[in-house]
Amino acid sequence: ITRDISKRKRAEGELRALHDINLAISSTLDRRVILEMLLEKIEVLLPYAASHIQLWNDATGTVDPVACRNLDEEQWQAGEASSRHIVLRAILRSKRHLVIENLQTDERISRRSSYRRHGLVSSLGMPLIVNDQAIGVLSLLTKERHEFTDREIRFVETLAKQASLAIYNSKLYQESRKL
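Model, not experiment: these values are computed from the prediction. (Residues numbered from 1 in each chain as written. Predicted model: local features only at pLDDT ≥ 70, side-chain atom pairs only at ≥ 80, totals over all residues. Heavy atoms only, no water.)

Colleague: Would you mind going over the overall build of the chain with me for this structure?
Modeller: From N to C terminus, the chain includes six helices and five strands. Reading the secondary structure of the chain in the N-to-C direction produces α-α-β-β-α-α-β-α-β-β-α. In summary, the chain has a C-alpha radius of gyration of 16 Å against a globular reference of 16 Å for 179 residues, a match within 12%. With respect to the three principal axes, the spread of C-alpha positions in the chain is 55 × 45 × 30 Å. When each of the 179 residues of the chain is scored for burial, the buried share is 41%. (Helix = DSSP H or I, 4+ residues; strand = E, 2+ residues; numbered from the N terminus. Rg over C-alpha atoms; globule rule 2.2 N^0.38 Å. Buried < 20%, exposed > 50% of the residue type's maximum accessible area, 1.4 Å probe, protein only.)

Colleague: Explain the nonpolar core to me, please; I cannot follow it from the model alone.
Modeller: Looking at soluble globular proteins, one finds that nonpolar side chains tend to be buried together. If you look at the biggest cluster of nonpolar residues, it comprises 31 residues, and the most contacted ones within it are I42, L46, I53, L128, L138 and L140. Those elements giving two or more residues to this core turn out to be α1 (2–25), α2 (31–45), β1 (50–57), β2 (62–69), β4 (123–130), β5 (133–141) and α6 (150–178). Ranked by the residues each element gives to this core, the list is headed by α6, at eight residues. Setting aside its immediate chain neighbours within four residues, L140 contacts I42, L46, Y48, A50, S51, S122, S123, L124, F148 and V156. Residues V87, L103, I109 and L141 belong to the second largest nonpolar core, which totals 15 residues. (Core = buried A, V, L, I, M, F, W, Y, C linked by side-chain atoms within 4.5 Å. Contact = heavy atoms within 4.5 Å.)

Colleague: Just to check I follow, could you spell out the packing of α2 against α6 for this structure?
Modeller: Axes are the key here: two packed helices are described by the angle between their axes and the distance separating the axes. As a packed pair, α2 and α6 sit with axes 9 Å apart at the nearest point and diverge in direction by 165°. Classified by the angle between their axes, α2 and α6 sit roughly antiparallel to one another. With respect to the hand of their crossing, α2 and α6 are arranged in right-handed fashion. Contacts from R31, I34, L35, L38 and I42 of α2 reach α6 at L159, A163, A166, I167 and S170. (Axes fitted to C-alpha atoms, helices over the stretch in contact; angles between N-to-C directions. Parallel < 35°, antiparallel > 145°, perpendicular 65-115°, else oblique. Left-handed = near helix turned anticlockwise from the far one by under 90°.)

So, in structure tokens, the structure goes:
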């Protein structure tokens, strides 16, 4: 009974969180505000050290760092601009999440020393997908080695789907304003 009650409370909390996030990101069409609200809500709901969002730029053919939480934004943007991770491209190409247990030692990571310096260890990269097209990556980072559970991954996938639609709607809104 206790286990059932715990599961039910956790599920209720997740539904409430999804509802709150949906309200927050659908209350505006300003991309920057949407991304900041999303990362803020994620920080409250999930016990991760840092998070960031990078979006595919059709004009340059690169992945641009656009929003982060609990990272030095200037350093993060400068580092991301210089490295353009192979890992991010792999997530975008496969349209599948990627878990990295240790960012500080994984050979696919070009900025291992930066992760060591900031004490970031594990990562979950989730693609942002709209109309079967990957438009970016939502990344969650931990300060301790963390094995992301299937439940966590499914929950973050749901968040990523909501974020993808909000980002896409924001892009359409900006394009229509230009016209």
